[in-house]
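# Breakdown of the fold
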Amino acid sequence: YTIVEYLSLTLEYSNFREWLNQIISEGCIQKVGTSDFKFLHDKMREAAYSLIPDNEKSQFHYNLGVLLHSVSREQEENETKGGAIFTIVDQINHGIPSLIQHKMQNDAVELNFDSGSRAMDRSDHETAQSYLNNALSLLPKDHWSSNYEFSLRLFSLSANAAYSSGNIEKAYDSLKEILKE
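Position numbers for residues count from 1 along each chain, tracking the sequence in the order it is written. Reporting of local features is limited, given that this is a predicted model, to residues whose pLDDT is at least 70; pairs of side-chain atoms are given and counted only at 80 or more, and all residues count toward the totals for whole chains, interfaces and linings. Values reported for side chains reflect all heavy atoms of the structure, with hydrogen atoms and water molecules removed beforehand.

As a further point, take the overall build of the protein. Runs of E in the DSSP output that reach at least two residues are strands. Runs of H or I that reach at least four are helices, and both are numbered from the N terminus. Helices and strands together make up the secondary structure of the protein, namely ten helices and two strands. Element order for the protein, N to C, with α for helix and β for strand: α-α-β-β-α-α-α-α-α-α-α-α. In terms of principal-axis extent, the alpha carbons of the protein reach across some 60 × 35 × 35 Å. A buried classification covers 38% of the 181 residues belonging to the protein. Here the analysis covers contacts within the protein between residues at least 6 apart in sequence; of these, 54% occur between residues at least 24 apart. Within the structure as shown, the protein displays about 11000 Å² of accessible surface, and the carbon and sulfur contribution to it stands at 49%. Two residue types count as positive, namely Lys and Arg, and two as negative, namely Asp and Glu; His and chain ends fall outside the count. One atom stands in for each charge, and that atom is NZ of Lys, CZ of Arg, CG of Asp or CD of Glu. Of the side-chain charges in the protein, 16 are positive and 26 negative, and the distance between the mean point of each set is 2 Å. Relative accessible area decides the class of each residue, using a 1.4 Å probe on protein chains only: under 20% of the type maximum gives buried, over 50% gives exposed, and in between gives partly exposed. Working rule for contacts: check all heavy atoms of both residues, and any pair within 4.5 Å makes them a contact. The Shrake-Rupley method, run with a 1.4 Å probe, gives the accessible areas here. Residue values count only the displayed protein chains as cover.

Right, let's talk about helix 10 (residues 168-180) for a bit. An α-helical segment advances 3.6 residues per turn. Residues three or four places apart therefore align on the same side. With 13 residues, helix 10 should cover 18 Å at 1.5 Å per step; its first-to-last C-alpha distance of 18 Å lies within 8% of that length. On its buried face, helix 10 is in contact with helix 8 (143-146) and helix 9 (148-164). One less than the residue count of a helix, multiplied by 1.5 Å, gives the span that helix is expected to have.

Mapped onto the fold, Ser72 is located in helix 4 (residues 57-75). Counting of polar contacts relies on pairs of N or O atoms within 3.5 Å, with two restrictions inside protein: one atom must be capable of donating a hydrogen and the other of accepting it, and residues adjacent in sequence are counted only when both atoms are side-chain atoms. At 2.8 Å, the side chain of Ser72 forms a polar contact with the backbone oxygen of His69.

A positive phi angle, near 60°, is found at Ser123, a position not held by glycine. Secondary-structure assignment places Ser123 in the loop between helix 6 (102-121) and helix 7 (125-138).

In this structure, strand 1 (residues 29-32) lies alongside strand 2 (residues 36-39), joined through four bridges in antiparallel fashion. For Ile29, the partnering residue across the bridge sits in strand 2 and is Phe39. Connecting strand 1 to the next strand, strand 2, in antiparallel fashion are three residues, including Gly33 with a positive phi near 70°. Pairing between strands requires that DSSP locate at least two bridges from one strand to the other.

Within the fold, Ala171 resides in helix 10. Placed 15 residues apart in sequence, Ala171 and Ser156 show a C-alpha to C-alpha distance of 8.7 Å.

Next up on the list: the confidence of the model for the protein. Each residue carries a pLDDT score, the predictor's confidence in it, ranging from 0 to 100. Residues with a pLDDT of 70 or more make up 92% of the protein, whose mean pLDDT is 88. When mean pLDDT is compared element by element in the protein, helix 9 scores highest at 97, while helix 1 (residues 3-8) scores lowest at 82.

Any carboxyl oxygen of Asp or Glu that lies within 4 Å of a side-chain nitrogen of Lys or Arg is treated as forming a salt bridge with it. A full pass over the atoms with the stated rule returns four salt bridges. With a shortest N-O distance of 2.9 Å, Asp54 and Lys57 are connected by a salt bridge. The partner of Lys180 in a salt bridge is Glu177, with the nearest N and O atoms 3.3 Å apart. One end of the pair is Lys180 and the other is Glu177, both in helix 10 and three residues apart, which spans about a single turn.

Attention shifts here to the packing of helix 6 against helix 9. Between helix 6 and helix 9, whose axes approach to 11 Å, the crossing angle comes to 40°. As summarised for this structure, helix 6 and helix 9 are arranged oblique, according to the angle between their axes. Helix 9 is crossed by helix 6, and the crossing has left-handed handedness. Only Phe150, Arg153, Leu154, Leu157, Asn160, Ala161 and Ser164 of helix 9 make contact with helix 6, whose side of the interface consists of Val109, Glu110, Phe113, Gly116, Ser117 and Met120. For helices, the fitted axis covers only the stretch in contact; all axes are lines through C-alpha atoms, and the angles between them, taken along N-to-C directions, range from 0 to 180 degrees. Here roughly perpendicular refers to angles of 65 to 115 degrees, roughly parallel to angles under 35, roughly antiparallel to angles over 145, and oblique to all remaining angles. Working rule for handedness: look at the near helix, and if it is turned counterclockwise from the far one by less than a right angle, call the crossing left-handed; if clockwise, right-handed.

Locating Gln91 in the fold gives a position in helix 5 (residues 84-94). Its relative accessible area of 17% is what places Gln91 among the buried residues. The contacts of Gln91, once residues within four sequence positions are left out, are His61, Tyr62, Leu64 and Gly65.

Pasting the structure below:
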C-alpha cells in the first residue's frame, strides 16, 4: 500500500484521490511514477503547509502518523508496511515526545525499532541510528524487567548502527548498558 491508498481507506480522507486529481488538473502538483506526487513549485508546497498554524503542526503530523498506522495495521495484519513505514514513523516522531499518548508509546517504540532495522538492512546506518535513538528514548523505565528480549535486541541493534555510522562512543554506551543488565 502507498500513503495515498492508506488515506483513501479512511472515512475522513475517502475522497483523497479525487482531491489529488483536482489539484493535478489545476497544475499545483504532478504525479510522479505510479504512486508519488510532488508540488510543481516549492512555494506552492510552502503555501499549502503554511495553512496549518505553527502551533498545530506537530499535532497534525502526529495525528496523521497515528491514523496511517491504524489503517496500515487493519490492512496488513501480518504483512510488512513496505516503504510506507518510514513515512508513518516519521509523522509519529514529529510529535514525539510531547504528544505521544501512553497507549501509543509501545507501538512507537516498536515502529522505530522496525524502521531502524529496515534502515540497517539498507545500509543507511545514520538513519537507523536516528530511529533507534527514538525507540530508546521512549522505552519505559522498567524495560529490562518488563521486556528483556526486546530491550536486548534494541540495544544490540543500536550498538551496531552506532558503530557502523562511526559513533564508537554511542556503540560502547549501548554495549555497556547490555552488560550491566
